[in-house]
Amino acid sequence: HPNSPGIIYCLSRKNTENVAAKLQDAGFSAQPYHAGLSKEKRSTTQEDFLNDDIQIIVATIAFGMGIDKSNIRFVMHYNLPKNIEGYYQEIGRAGRDGMPADTMLFYSFGDVMILKQIIANNGQREVQEGKLQRMQEYSDALICRRKILLAYFNEDLKEDCGNCDICKNPPQTFDGTTLTQKALSALLRMKEQVGANMLIDVLRGSSRRDIFEKGYNNIKTYGAGNDTSNYAWQIYLLQIMQQGFIEIAINDNNTLKVTPAGKEILFENRQVKLVKQKEIFEQREANKTKAKTKSRSKATIIKDELFEKLRTKRKEIADQKNVPPYVVFSDATLSQMVENKPIVEQDFLEISGVGDKKLEVYGEIFMQVIRNYLTEKKSSGTNIKGSTYLITWDMLKKEKSIEEIATERKLNTGTVYSHIAYLYTRGFNVNIENYISQSDLNEISAAVKELNYPKELAPIFKHLNEKQDYFKIRLTLAWMEKKN
């Protein structure tokens, strides 16, 4: 969502400042927001965000309560939230205007351990750990995520949403029993006194000094998982934990312990299903290549360009009036302007979110932006619906003849006359009698009525014994349409 507002939630104040700084270095308009900032700074940041002077807020959960901003296009979680209730409320701040919006959640071992340590030092530990567990389960779900969210709040979604990452890319599983047994066996052979990184390094046969100092290079499973990448082991180990075969001992330096369920894998031939994971480097390289070669369609480029021009004009007006931009027009209204490209009042009034008052105050301003853009694109050789009429209109204003317009634009004169008919019906200040006499208008309109308003021009042409030109018939129909 280029240039569109969004929120990134972080677990700590330090993270909000670090992420905001990195975004600023990358050229984004971003600011941190957390309770450690002064009241004045928080107030200014919030106001700037509402007024689209800041694109991205990087915040702790302290931000967002009571924020009345409908056009937030994305909400990202840089860390795992503590519970589903908070997560649900935070992602609900995206897309309140009904336009497409995205949410994205990242989390890691580190998040889980930090949150467990926080919970251990607070009250209601059992309840909070249960909620964290549900959040983890949601994050690693293999079924529609929206179903899980709604079910948590006792709502029933009959069909999959078709929109979340699971619905769009259903995961493939494989028999991960042997891989899991390697991890559990190595963990027991190291007396359950290591963390995740050490376990992975031993399984991959790392030459770390401390592995040799502790004799872990002598255990049977040393190097038994060297055919699996470090990244893939992290992913599989997380799945093994979340299926309840390994647990993190918070009170024992975050070391890993094999659970009773894990011992069933080792000693009772219990089977384990794991989700397939692509190697991270292959995936990243593929994504990089795709990003470099992927080109946007001409239609998408045009929509983005025109939306940005309208958005800039909206911001300019909002700043002059000292109001948030959405008060002028919502993103949804601007998007419909981009889609329909209204260049006259009656078309502009049909845009959702435009009434008589807004037409009066803002109509001509925004229509001029659209007219200028269409004319500019047409002049550069890009055909957009509506632009060809505006070029003809500009040439008519310069008092060029029909023949001159046709020659310069490499059109036939009949096409130019059809442009004039369109401009006349859409409210442009065209004097139709410059191109057809009143007597011809009367004669042709009488024939149209006699034939009960046919849709085609040919029956009218024949009825008039082929004495009236097609362009005059077309102009007469426009005259009758506007008159009625």
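Since the model is a prediction, treat every value here as computed from it, not as a measurement.

### Some remarks on the overall build of the protein chain
Here comes step 1: Counting secondary structure elements, the protein chain contains 24 helices and 9 strands.
Here comes step 2: Radius of gyration (C-alpha) of the protein chain: 33 Å, far over the 23 Å computed for a compact globule of 484 residues.
Here comes step 3: Projected onto its principal axes, the C-alpha positions of the protein chain cover 105 × 50 × 45 Å.
Here comes step 4: Of the accessible surface of the protein chain, which amounts to about 26700 Å², a share of 46% is contributed by carbon and sulfur atoms.
Here comes step 5: Side chains of the protein chain give 69 positive and 62 negative charges; the mean places of these two sets differ by 4 Å.

### Brief notes about unusual backbone geometry
Here comes step 1: Non-glycine residue aspartate 52 carries a positive phi angle of around 65°.
Here comes step 2: Inspection of the secondary structure assignment puts aspartate 52 in the loop between helix H2 (39-50) and strand E3 (56-59).
Here comes step 3: You will see that lysine 410, though not glycine, has its phi angle at about 60°, which is positive.
Here comes step 4: In this structure lysine 410 comes out as exposed when scored by relative accessible area, which is 78%.

### Let's talk about the layout of surface pockets
Here comes step 1: Quantified by volume, the second largest pocket comes out at close to 550 Å³.
Here comes step 2: If you go around the second largest pocket, you meet 17 residues; those closest to its centre are His1, Pro2, Ser4, Asp304 and Phe307.
Here comes step 3: If you tally residues by element for the lining of the second largest pocket, the top one is helix H14 (residues 298-321), at 6 residues.
Here comes step 4: Tallied by class, the residues present in the lining of the second largest pocket amount to 5 nonpolar, 4 polar and 8 charged.

### What to know about the pattern of salt bridges
Here comes step 1: One pass over the full model with this rule turns up 24 salt bridges.
Here comes step 2: The closest approach of N and O atoms between arginine 426 and aspartate 347, which form a salt bridge, is 2.0 Å. Placement of arginine 426 in the loop between helix H21 (413-425) and helix H22 (438-450) and of aspartate 347 in helix H17 (residues 345-348) is noted, with a sequence separation of 79 residues between them.
Here comes step 3: Look at arginine 426 and you get buried, because its relative accessible area is 18%.
Here comes step 4: Residue aspartate 347 is classed as buried on the basis of its relative accessible area of 16%.
Here comes step 5: A single salt-bridge network, built from bridges that share partners, covers Asp52, Lys69, Arg73, Asp97, Arg314 and Asp331.

### Let's talk about the packing of aromatic side chains
Here comes step 1: Per the counting criterion, the structure on display carries 14 aromatic pairs.
Here comes step 2: Ring plane angle 90° and centroid distance 6.5 Å describe the contact between tyrosine 362 and phenylalanine 366, whose orientation is recorded as edge-to-face. Here tyrosine 362 and its partner phenylalanine 366 are both found in helix H18 (residues 356-379), 4 residues apart, which amounts to about one turn of the helix.
Here comes step 3: Given a relative accessible area of 0%, phenylalanine 366 falls into the buried group.
Here comes step 4: Aromatic side chains phenylalanine 461 and tyrosine 470 sit 4.5 Å apart centroid to centroid with 20° between the ring planes, which places their arrangement in the stacked category.
Here comes step 5: By relative accessible area, tyrosine 470 is classed as partly exposed at 37%.
Here comes step 6: Here the aromatic cluster, defined as three or more aromatic residues joined through ring pairs, consists of Phe329, Phe348, Tyr362 and Phe366.
Here comes step 7: Seen from the ring of tyrosine 424, lysine 482 lies directly overhead, with NZ or CZ sitting 4.6 Å from the centre.

### Describing the nonpolar core
Here comes step 1: Residues Phe63, Met190, Leu199, Leu237, Ile246 and Leu256 are the most contacted members of the largest nonpolar core, which totals 61 residues.
Here comes step 2: The leading source of residues in this core is helix H11 (residues 230-242), at 7 residues.
Here comes step 3: When residues no more than four places from it in sequence are discounted, the contact partners of isoleucine 246 are Leu184, Leu187, Leu237, Ile240, Met241, Leu256, Lys257 and Thr259.
Here comes step 4: Judged by nonpolar contacts, the second largest core, of 57 residues, contains Phe366, Phe428, Leu464 and Ala478.

### Thoughts on the pairing of strand E4 (residues 74-77)
For a regular strand, side-chain orientation follows a simple rule: the groups alternate between the two sheet faces.
Here comes step 1: Bridge analysis of strand E1 (residues 6-9) against E4 gives 4 bridges, and the strand direction is parallel. Bridging across to E4, isoleucine 8 finds its partner in methionine 76.
Here comes step 2: Bridge analysis of E4 against strand E5 (residues 102-105) gives 4 bridges, and the strand direction is parallel. Residue pairing in the sheet places phenylalanine 74 in a bridge with aspartate 102 of E5.
Here comes step 3: Each parallel crossover has a hand, and the one from E4 via helix H3 (residues 84-91) to E5 is right-handed.

### Focus: the side chain of serine 445
Here comes step 1: With respect to the helices and strands, the residue serine 445 is situated in helix H22.
Here comes step 2: What makes serine 445 buried here is its relative accessible area of 7%.
Here comes step 3: Aside from chain neighbours lying at most four places away, what touches serine 445 is Thr476, Trp479 and Met480.

The rules behind each value
- Residues numbered from 1 in each chain as written.
- Predicted model: local features only at pLDDT ≥ 70, side-chain atom pairs only at ≥ 80, totals over all residues.
- Heavy atoms only, no water.
- Helix = DSSP H or I, 4+ residues; strand = E, 2+ residues; numbered from the N terminus.
- Rg over C-alpha atoms; globule rule 2.2 N^0.38 Å.
- Areas by Shrake-Rupley, 256 points an atom, 1.4 Å probe, with all protein chains shown as cover.
- Lys, Arg positive; Asp, Glu negative; His and termini not counted.
- Charge placed at Lys NZ, Arg CZ, Asp CG, Glu CD.
- Buried < 20%, exposed > 50% of the residue type's maximum accessible area, 1.4 Å probe, protein only.
- 1 Å grid on protein atoms, 1.4 Å probe; cavity = no way out; pocket = protein on both sides within 12 Å on 5 of 7 lines; lining within 4 Å.
- Points joined across faces, edges and corners; volume = space filled by probe spheres on them.
- Nonpolar A, V, L, I, M, F, W, Y, C, P; charged D, E, K, R; others polar.
- Salt bridge = Lys/Arg side-chain N within 4 Å of Asp/Glu carboxyl O.
- Phe/Tyr/Trp six-rings, centres within 6.5 Å; stacked < 30°, edge-to-face > 60°.
- Lys NZ or Arg CZ within 6 Å of the ring centre and 35° of its normal.
- Core = buried A, V, L, I, M, F, W, Y, C linked by side-chain atoms within 4.5 Å.
- Contact = heavy atoms within 4.5 Å.
- Pairing = 2+ DSSP bridges.
- Right-handed = clockwise from strand over helix to strand, strands pointing away.

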